[in-house]
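# Coordinate analysis (summary)
These are the residues of each chain, in order.
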Amino acid sequence: NAGVTQTPKFQVLKTGQSMTLQCAQDMNHEYMSWYRQDPGMGLRLIHYSVGAGITDQGEVPNGYNVSRSTTEDFPLRLLSAAPSQTSVYFCASSYATGSRTNYGYTFGSGTRLTVV
Amino acid sequence: AQTVTQSQPEMSVQEAETVTLSCTYDTSESDYYLFWYKQPPSRQMILVIRQEAYKQQNATENRFSVNFQKAAKSFSLKISDSQLGDAAMYFCAYRSAWGSQGNLIFGKGTKLSVKP
């Protein structure tokens, strides 16, 4: 099925551990983004990419690292997990701006991460 | 920078009645897109409706319609004939139409309850 595949769905980490959240899309979207969702805060942008080899920081980038070696994949790395990173994480993808017909974002199913 | 404000953290509606969720945004751009996303307890982000700023006609999707007031920077969502399955978090979101900053900017959400 075409869409955004995000793994894992649930994860528990200990403080200081590292891990990678995986995100893959098969729609040839140029844009890919990572958001975190916290109660009462909506979805906030962590990092985004406008194409392979190009990444940039969003609103809340500290403690996270990304790379985009291919159009399809956009992993999010937590270098040293902290309790403040307990959240629900979403990956999303879209065609680039300028597309008048396909400008919406497609979301993955989310990852619930708990750091203890 | 663009911002999106949802002033109603929670709303409640009786089944079969109509409810309107409010959203305002701030931008200096003239060309952009607006969205309403629904997030049920499954946490999947589901696109409900979208609006292009260059179109004056309000978007409609079955029981969902918007009241887009560009000058007032207002984008409210009306749900008619509310159903139990409409109970969810609803997020308003903004996207620039041009340039590299094509990320979604979200409001903090409105939790909608539907009473039988």
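Refer to the structure above for everything that follows.
Residues numbered from 1 in each chain as written. Chains lettered and ligands numbered in written order. Predicted model: local features only at pLDDT ≥ 70, side-chain atom pairs only at ≥ 80, totals over all residues. Heavy atoms only, no water.

Take phenylalanine 107 of chain A: it is sitting in strand S10 (residues 106-107). Taking relative accessible area as the criterion, phenylalanine 107 of chain A reaches 5% and is therefore assigned buried. Along the primary structure phenylalanine 107 of chain A and methionine 32 of chain A are separated by 75 residues, whereas in three dimensions their C-alpha atoms are 9.7 Å apart. Once you skip the residues sitting within four places of it in the chain, phenylalanine 107 of chain A turns out to touch Val4, Tyr35, Leu43, Phe90, Cys91 and Ala92 of chain A together with Tyr37, Gln44, Met45, Leu104 and Phe106 of chain B. (Helix = DSSP H or I, 4+ residues; strand = E, 2+ residues; numbered from the N terminus. Buried < 20%, exposed > 50% of the residue type's maximum accessible area, 1.4 Å probe, protein only. Contact = heavy atoms within 4.5 Å.)

All names here are of chain B. Checked against the element boundaries, threonine 110 lands in strand S12 (residues 110-115). The exposure class assigned to threonine 110 is buried, which follows from its relative accessible area of 0%. Engagement of the side chain of threonine 110 in a polar contact is seen with the side chain of glutamine 6, the distance being 3.4 Å. Separated by 2.6 Å, the side chain of threonine 110 and the backbone oxygen of glutamine 8 make a polar contact. If near-sequence neighbours (up to four positions away) are discounted, threonine 110 is found in contact with Gln6, Gln8, Pro9, Glu10, Met11, Leu21, Ala88, Met89 and Tyr90. (Polar contact = N/O pair within 3.5 Å; in protein donor to acceptor, adjacent residues only side chain to side chain.)

All names here are of chain A. Spatially, four strands are ordered S1-S3-S8-S7 in an open sheet, and the strand pairing comes out antiparallel. For this open sheet the edge positions go to strand S1 (4-7) and strand S7 (64-66), each flanked by a neighbour on one side alone. Each strand of the sheet is rotated relative to its neighbour by a mean of 20°, with strand direction disregarded. Sheet topology note: the S7/strand S8 (residues 76-78) ladder contains three bridges and is antiparallel. Residue pairing across strands places valine 66 opposite leucine 76, the latter belonging to S8. (Pairing = 2+ DSSP bridges. Axes fitted to C-alpha atoms, helices over the stretch in contact; angles between N-to-C directions.)

Here we come to the pairing of strand S5 (residues 42-51) of chain A. Residues and elements named next belong to chain A. Most of S5 is tucked away, with nine of its ten residues classed as buried. Direction of pairing for strand S4 (residues 31-38) relative to S5: antiparallel, over a ladder of seven bridges. The residue bridging glutamine 37 from the neighbouring strand is leucine 43, located in S5. Linking two consecutive strands that pair antiparallel, namely S4 and S5, is a turn of three residues; a positive phi of about 75° is found at glycine 40 within it. Examined bridge by bridge, S5 and strand S6 (residues 54-57) share three bridges and lie antiparallel to one another. Note on S6: the bridge partner recorded for histidine 47 is glutamine 57. Where S5 folds back onto S6 in an antiparallel hairpin, the turn is made up of two residues, including glycine 53, whose phi is positive at roughly 85°.

All names here are of chain B. Burial along S12 is one-sided: the residues Thr110, Leu112 and Val114 are buried and none of Lys111, Ser113 and Lys115 is. Taken together, the five bridges between strand S2 (residues 10-14) and S12 define a ladder with parallel strand orientation. Directly across from serine 12, in S12, lies its bridge partner serine 113. Note: strand S10 (residues 88-96) against S12, three bridges, orientation antiparallel. Residue pairing for S12: methionine 89 is matched across the bridge by lysine 111.

If charged atoms from side chains of opposite charge come close, those side chains can pair. Residue and element names in this part refer to chain B. Overall, the coordinates contain five salt bridges over all chains when judged by the stated rule. Here aspartate 26 ties to lysine 73 by a salt bridge, and the two come within 3.7 Å at their closest N and O atoms. In this pair, aspartate 26 sits in strand S4 (residues 24-26) while lysine 73 sits in the loop between strand S8 (64-69) and strand S9 (74-79), placing the two residues 47 residues apart along the sequence. Given a relative accessible area of 26%, lysine 73 falls into the partly exposed group. (Salt bridge = Lys/Arg side-chain N within 4 Å of Asp/Glu carboxyl O.)

What follows covers the state of the cysteines. All names here are of chain A. Within this structure, the stated rule accounts for two disulfides over all chains. Across a sulfur-sulfur distance of 1.8 Å, cysteine 23 and cysteine 91 are joined as a disulfide pair. Its torsion about the S-S bond being -70°, the disulfide of cysteine 23 and cysteine 91 is classed as left-handed. Remark: cysteine 91 occurs in strand S9 (residues 87-94) and cysteine 23 occurs in strand S3 (residues 19-25); sequence separation between them is 68 residues. Take cysteine 23 and cysteine 91: they sit in the same class, and that class is buried. (Disulfide = S-S within 2.5 Å.)

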